[in-house]
Amino acid sequence: MKQKEIEALALLRYRLILPVLHDEFEEPSANQYFEKVALEPMVFPDGTKRTIRPATLRMWLNKYRKDGFEGLKDKQRTDKGKPRSLTDEQKEVILSLKTERPRRTATSIYKQCIEDGVIKKSDASLSTVQRYMRKIQPHIGSLITEDRRAFEMAHANDLWQIDTSYGPYLTIDGKKTQVYMIMIIDDASRLIVGHG
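Described in the following lines is the structure provided in the data block.

Parameters at a glance
Residues numbered from 1 in each chain as written. Predicted model: local features only at pLDDT ≥ 70, side-chain atom pairs only at ≥ 80, totals over all residues. Heavy atoms only, no water. Helix = DSSP H or I, 4+ residues; strand = E, 2+ residues; numbered from the N terminus. Contact = heavy atoms within 4.5 Å. Patch = residues over 30% accessible without salt bridge, like charges linked within 9 Å, V, L, I, M, F, W, Y side chains within 5 Å. Areas by Shrake-Rupley, 256 points an atom, 1.4 Å probe, with all protein chains shown as cover. Salt bridge = Lys/Arg side-chain N within 4 Å of Asp/Glu carboxyl O. Buried < 20%, exposed > 50% of the residue type's maximum accessible area, 1.4 Å probe, protein only. Polar contact = N/O pair within 3.5 Å; in protein donor to acceptor, adjacent residues only side chain to side chain.

1. A short note on the environment of Ile192
Okay, so step 1: The topology assignment puts Ile192 in strand S5 (residues 192-195).
Okay, so step 2: In sequence terms Ile192 and Trp160 are 32 residues apart; their C-alpha atoms lie 9.3 Å from each other.
Okay, so step 3: Those residues within four positions of Ile192 in sequence are excluded, and the remaining contacts are Met183, Ile184 and Ile185.

2. A look at a nonpolar patch on the surface
Okay, so step 1: Taken together, the side chains of Trp160, Leu191 and Val193 make up a nonpolar region of the molecular surface, amounting to roughly 300 Å² of accessible area.
Okay, so step 2: Position of Leu191 relative to the elements: it lies in the loop between strand S4 (175-186) and S5.

3. Description of the pattern of salt bridges
Okay, so step 1: For the structure shown, the criterion picks out six salt bridges.
Okay, so step 2: Of the charged contacts, one joins Glu70 and Lys73 as a salt bridge, the two residues approaching to 2.8 Å between their closest N and O atoms.
Okay, so step 3: A residue is classified by how much of its surface remains accessible, and Glu70, at 46% relative accessible area, is partly exposed.
Okay, so step 4: The exposure class assigned to Lys73 is buried, which follows from its relative accessible area of 13%.

4. A few points about the environment of Lys120
Okay, so step 1: Tracing the backbone through its elements, the reader meets Lys120 in the loop between helix H5 (106-116) and helix H6 (126-143).
Okay, so step 2: We classify Lys120 as partly exposed; its relative accessible area is 25%.
Okay, so step 3: Sequence separation between Lys120 and Tyr110 is 10 residues; the distance between their C-alpha atoms is 9.6 Å.
Okay, so step 4: At 2.6 Å, the side chain of Lys120 forms a polar contact with the side chain of Asp74.

Here it is as structure tokens:
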């Protein structure tokens, strides 16, 4: 990455954390501000458009508080081609992604980290992330307060889902017809509240 691109990326990161640094965000908390920022895709200096996770924004904030503007700049590697371990910040983001959704695979987390700019392919490989995740796997259980499937609600009637399934074939007026079963399911209780 050229120095001009490094500077432009660091400026983008600084612009996103600036409201938290000066306590000038409208949301009730810094975390809610980061969650709001994460909803909108950002245009990066290289022209790509992607969203940024709240954990990544928190990592940039910590880097700035520790090392100032220089902490927001990507470092040029002097050990290119040699195996490299993950930084503490990268480990923190991986752990956060895994505890948010415990069923996520190392591949999914690695891709997310690359998309968010937390890890560069040239810095760490998928196998590096897999090794780290195997190492932390025994400790993940104690950090997870609630193992919830995607879209699973906490209370009955918070969300109903409609699902369609193939049923048997029926012969009607001599013609074979496929039957479809449509069920309305309460997400939390899994109770079938309607069908057709």
